[in-house]
Amino acid sequence: MNDASNVNYIDDVLKKATQASAVFSQYDQEQTDAIVRAVYQAGFAVRVQLAKKAHEETGMGNWEDKVLKNVVATQYVYEDIQNLKTVGVLSEDLERGIIEIAQPMGPILCIIPVTNPTSTVMYKILSALKTRNPVIVSPSRKAVNCTVDAARICYEAALKAGAPDDCIQWLSEVSREQTQALMTHPDLALILATGGTGLVKSAYSSGTPTIGVGPGNVPIYIENSADIPFAVEQICISKLFDNGTICASEQAIIVERSQTDLIKEEFIKKHAYFLTEEEIPKLEEVAFLRDKGSMSPAVVGQSAAKIAKAANLNAPDDVKLLIAPLKGAGEDHPLSFEILAPILAYYEVGDFEEAVNLCIDLNFHGGIGHTVGMYSNDSEKINKFASLMNAGRIVVNTPSSQGAVGYMFNKMSPSFTLGCGTGGKNITTDNVTARNLMNVQRIALRRENQRMMSFDSALYYDESLGAEAIEKQYNKNY
């Protein structure tokens, strides 16, 4: 596709999206909800089919866990937003004289990652349609087919339920130039960016309002009062889920030396393998790209056994988790960074204070604002730990992947876009949902019993005069 046809194509996509937006903005809440319900039902019905397609196309994770991701993206997301009011008057406070009204934003560009291609697209489509925003889906080049299949299924269901034409569009061919043209198009209202750091940074630099995410480098502290067998079991449930492809999955385990023998024993029971000091550089070579300062795509979502073989580790054939004991964090210790695979860094510390400081260091090296976790039965330490962490989600006694995504172990809104706040250079720490995709207008009513202070009374206002004197001053002016 040459540059001219590329520009014309993008213009045509945005023209259709703008027309859909104009029609969609006239829908009432009942019409909108009927469309959202139909799309949820259609996506949920093909949850297994789409999971298998995603696994086959990307070669990441396993299809069984991707089914659960698709359930979260359809059923759980729908249950969370089905009663959310997104059309007309949201609230009316006559005492304050404020009425809030929902308005759609307009065309939204949804950038979809390779790690969660079908679940992320369905969650974003449901969230956007609930707020009457048309969607343009930009898949990962490594997951075009399964992402487009999911988008098409949602679109066909939306149309049958009465949605406007072109309320969902998608790119079947993806290029950097095309994505850039979309992101900078003047008719685009918002970019909902889930993906690598470079892509999210590009979205923020586009001049178009953006809700993006930061990387997750999640430290988990097993404090001395924790139920250790339970903690290890929950960590394995999370880190092994879909071979670690959720950005909120654990990346480093911090333990106190007095408990380390018991913790290691429990991990080994779960088929974890602790690397020797000589093996750590071998795994670094396979799992981390030093020239780019990031994880190697070759290990993302792969099994521990496959990675161990590639790194020539002396791990047993039934290994499920690779654990690297480290003595520091940062550039000299590549395995201390985010790696979306069944690989964990492992640290031993002397006490609570040292554990907190190490968690802060790990969080600083690539995961600010995202997620941290703790296993503990000491409420005082839990509260202190949480107060010192720069993270949008502090998961306690909960598997980090599922706990941060929400709805399975808590009532946080289910989401595949986890904001990292200003620390992670994002606008919000929310689990981003339909609630973040509305413009809210506020009607400010004049109330008859309210007085407007004159310039003179404002200039000479003195609260030390007392209520009676102030009242006299008001009455003199009015």
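Coordinates for the structure precede this section.
**Q** Talk me through the packing of aromatic side chains; I want residue IDs and the actual numbers.
**A** Overall, the coordinates contain twelve aromatic pairs when judged by the stated rule. Aromatic pair tyrosine 155 and tryptophan 170: ring centres 5.9 Å apart, planes at 75°, arrangement edge-to-face. Separated by 15 residues along the polypeptide, tyrosine 155 in helix 6 (residues 144-160) and tryptophan 170 in strand 5 (residues 168-170) bring together distant segments of the chain. In this structure, tyrosine 155 and tryptophan 170 share a single accessibility class: buried. One aromatic cluster is present, built from ring pairs that chain together Tyr40, Phe44 and Tyr78. Sitting above the plane of the tryptophan 63 ring, lysine 52 keeps its charged end 4.6 Å from the centroid. The ring of tyrosine 407 carries lysine 411 above its face, with NZ or CZ at 4.6 Å from the centroid.

**Q** Provide a residue-level description of the sheet that holds strand 9 (residues 250-256), including the pertinent values.
**A** On the basis of which strands lie adjacent, the open sheet formed by seven strands has the order 10-13-14-9-8-15-16 and parallel pairing. Edge positions in the sheet fall to strand 10 (272-274) and strand 16 (391-396), since each of these pairs with one other strand and no more. Looking at each pair of strands side by side, their axes are set apart by 25° on average, direction ignored. Pairing analysis gives five bridges linking strand 8 (residues 218-222) to strand 9, with the strands arranged parallel. Within strand 9, the residue paired with isoleucine 222 across the bridge is valine 255. Sheet strands in contact with helix 9 (residues 228-239) are strand 8, strand 9, strand 13 (321-325), strand 14 (343-349) and strand 15 (369-375), and its direction is about 165° off that of strand 9. Along the sheet, helix 14 (residues 379-388) contacts strand 8, strand 15 and strand 16; its crossing angle with strand 15, the most-contacted strand, is approximately 165°.

**Q** Give a detailed account of the pairing of strand 14, specifying residues and quantitative values.
**A** If a strand is regular, its side chains alternate between the two faces of the sheet. Most of strand 14 is tucked away, with six of its seven residues classed as buried. Relative to strand 14, strand 9 runs parallel, the two being bridged by five bridges. Note on strand 14: the bridge partner recorded for isoleucine 253 is tyrosine 346. Bridging between strand 13 and strand 14 involves four bridges; their strand directions are parallel. By the bridge assignment for strand 14, isoleucine 323 is matched with leucine 344.

Conventions adopted
Sequence positions are assigned chain by chain, starting from 1 and proceeding in written order. With the structure being a predicted model, the display of local features is reserved for residues of pLDDT at least 70 and the display and counting of side-chain atom pairs for 80 or more, all residues being used for whole-chain, interface and lining totals. Working from all heavy atoms in the structure, the side-chain values ignore hydrogens and water. Only rings of Phe, Tyr and Trp enter the pairing, Trp through its six-membered ring, and a pair is recorded when the two centres are within 6.5 Å. The plane angle decides the type: under 30 degrees is stacked, over 60 is edge-to-face, the rest tilted. In this text, helices come from DSSP runs of H or I with a minimum length of four residues, and strands from runs of E with a minimum of two, each type numbered from the N-terminal end. Here's how the labels work: a residue is buried when its accessible area is under 20% of the maximum for its type, exposed when over 50%, partly exposed in between, all with a 1.4 Å probe on protein chains only. By definition, being over a ring means that NZ of Lys or CZ of Arg is both within 6 Å of the ring centre and within 35 degrees of the ring normal. A pair of strands is treated as paired once DSSP finds two or more bridges between them. Only C-alpha atoms enter the line fits that serve as axes; for helices the fit covers just the stretch in contact. Angles between N-to-C directions range over 0 to 180 degrees. We call two residues contacting when some pair of their heavy atoms lies within 4.5 Å.

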